[in-house]
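Residue-level structure breakdown
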Amino acid sequence: MSFNIALSGLNAATTDLNTISNNVANASTTGFKESRAEFGDFFQNAAYNLQTTTTGGGVRTETVAQQFSQGSITTTNNPLDMAISGEGFFAVKDNGSLVYTRNGAFTTDSNGYVTTASGQRLQVYPPINGGSSFTTGSMTDLQLSTAPNPPAATSSVTASVNLPANAAAPADATFSPTDSNSYNKTTSLTVYDSLGAAHTASLYYVAGATAGSWTLHTGVDGSEVGTGTALSFDSSGKLTAPTTGVPLSFTPGDGAAPLSATIDVSGATQYGSDFSVNSLTQNGYATGQLSGVAIDSSGVVSARYSNGQTTVLGQVAMANFTNPQGLQQLGNATWAQTFASGQPIPGAAGSSDFGVIQSGALESSNVDLTQQLVSMMNAQRNYQANSQVISTDNQLMQTILQLR
């Protein structure tokens, strides 16, 4: 009997050592979660044995329990690296099946899909309404497209300037963009047509003969477009006319659609100070190429383009489980749901029961090497002690066999 008891102790110590060695081997594995061997004492069924002095039947391994404590977070230079600070798992698709991981070391494949090192595709919730919300009832593969961001024609210009109240009418009464003596002040900005081609739009300010009167002329690429628009200011320097925007219209020669924009001059003033430009903006932009990716703490993924625009691609899909210890380990720091783990609970970073996402960072293994080495020494002593029991039993058996 004691041989079997000691043998069960050896088996338990071996399981403990195997578990510890696996933890130590993965001390540097991103997103790895350590395991702990848990044991229980073993007793034979006492239904036929009413003795209370039974010594038991040894030990058996109850389970090897995974420990999902938080690993330390280290920063990287890769914006696609993601670390979860708190609860939850990344949802990734492996050959059509959803699996879950804490390893956020993502990269892109030849088709632009964001994947793990083993090719599993990161799942996101698709954006709706331009990215103001997301379809949380479905998931899709996150893909970074290399297609250019389409241009947008300028439709609105804001020109907020201060015109000097003491300005005199220019020497030349007939306005011409090429005659600097026919206007008092000018400023310019870049506008874009429907093909994304840039054009220089210039605003020319001509002081009138009476106080508080000005004329705004517009030109594109050095040529005047339209006719001048009268600007009127009251004695406080505030604009009184026009009450609507100033039109800016021209037909580009590159095959683009006619550009029709409105210049908002409501912020113009006429004070005693010098001419100054307080604001000069427009809403068009040229074609843009993908220049980078940004991921915020709630997992919203945005593509940045060289034209200054951003496009929301989706929100990183996350999942949690009622019993994470019931998940099936698949290797590569990934897990699959089981009956014991329960159904995945979908969610997003920063919401209830989910941690936040840190971009440009990775979660390290949660293995504490010092603790593992101490546990290894304890397992070694247990193994040696059970080996000594077997050795002692063997000596006793030899003694019995030598009796005559």
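The present account deals with the structure reproduced in this document.

1. Looking at unusual backbone geometry
Residue P242 is bonded to the preceding A241 through a cis peptide linkage, with omega at 5°. Relative to the helices and strands, P242 resides in the loop between β18 (239-241) and β19 (246-250). The phi torsion at N95 lies on the positive side, around 55°, for a residue other than glycine. Relative to the helices and strands, N95 is located in the loop between β5 (89-94) and β6 (97-101).

2. A look at the sheet that holds strand β17 (residues 223-233)
Hydrogen bonds between backbone atoms are what pair the strands of a sheet, whose relative direction is either parallel or antiparallel. Sheet architecture is open: five strands sit in the order β14-β15-β16-β17-β18, paired in antiparallel fashion. Of all the strands in the sheet, the pair left with one neighbour each is β14 (185-192) and β18. Sheet twist, expressed as the mean angle between neighbouring strand axes with direction ignored, is 35°. Looking at chain direction, β14 and strand β15 (residues 198-207) are connected through eight bridges and run antiparallel. Among the inter-strand pairings, T186 is bridged to a residue of β15, identified as Y204.

3. Overview of the packing of aromatic side chains
Under the counting rule described, the total for this entry stands at 10 aromatic pairs. On the basis of an interplanar angle of 70° and a centroid distance of 5.7 Å, the ring pair of F89 and W335 is categorised as edge-to-face. Of the two residues, F89 is situated in strand β5 and W335 in strand β28 (residues 334-336); the sequence distance between them amounts to 246 residues. A connected cluster of aromatic rings, assembled from ring pairs, spans F68, F89, Y100, F321 and W335. Positioned over the ring face of Y113 is R121, at 3.7 Å from the centre of the ring.

Analysis parameters
- Residues numbered from 1 in each chain as written.
- Predicted model: local features only at pLDDT ≥ 70, side-chain atom pairs only at ≥ 80, totals over all residues.
- Heavy atoms only, no water.
- Helix = DSSP H or I, 4+ residues; strand = E, 2+ residues; numbered from the N terminus.
- Pairing = 2+ DSSP bridges.
- Axes fitted to C-alpha atoms, helices over the stretch in contact; angles between N-to-C directions.
- Phe/Tyr/Trp six-rings, centres within 6.5 Å; stacked < 30°, edge-to-face > 60°.
- Lys NZ or Arg CZ within 6 Å of the ring centre and 35° of its normal.

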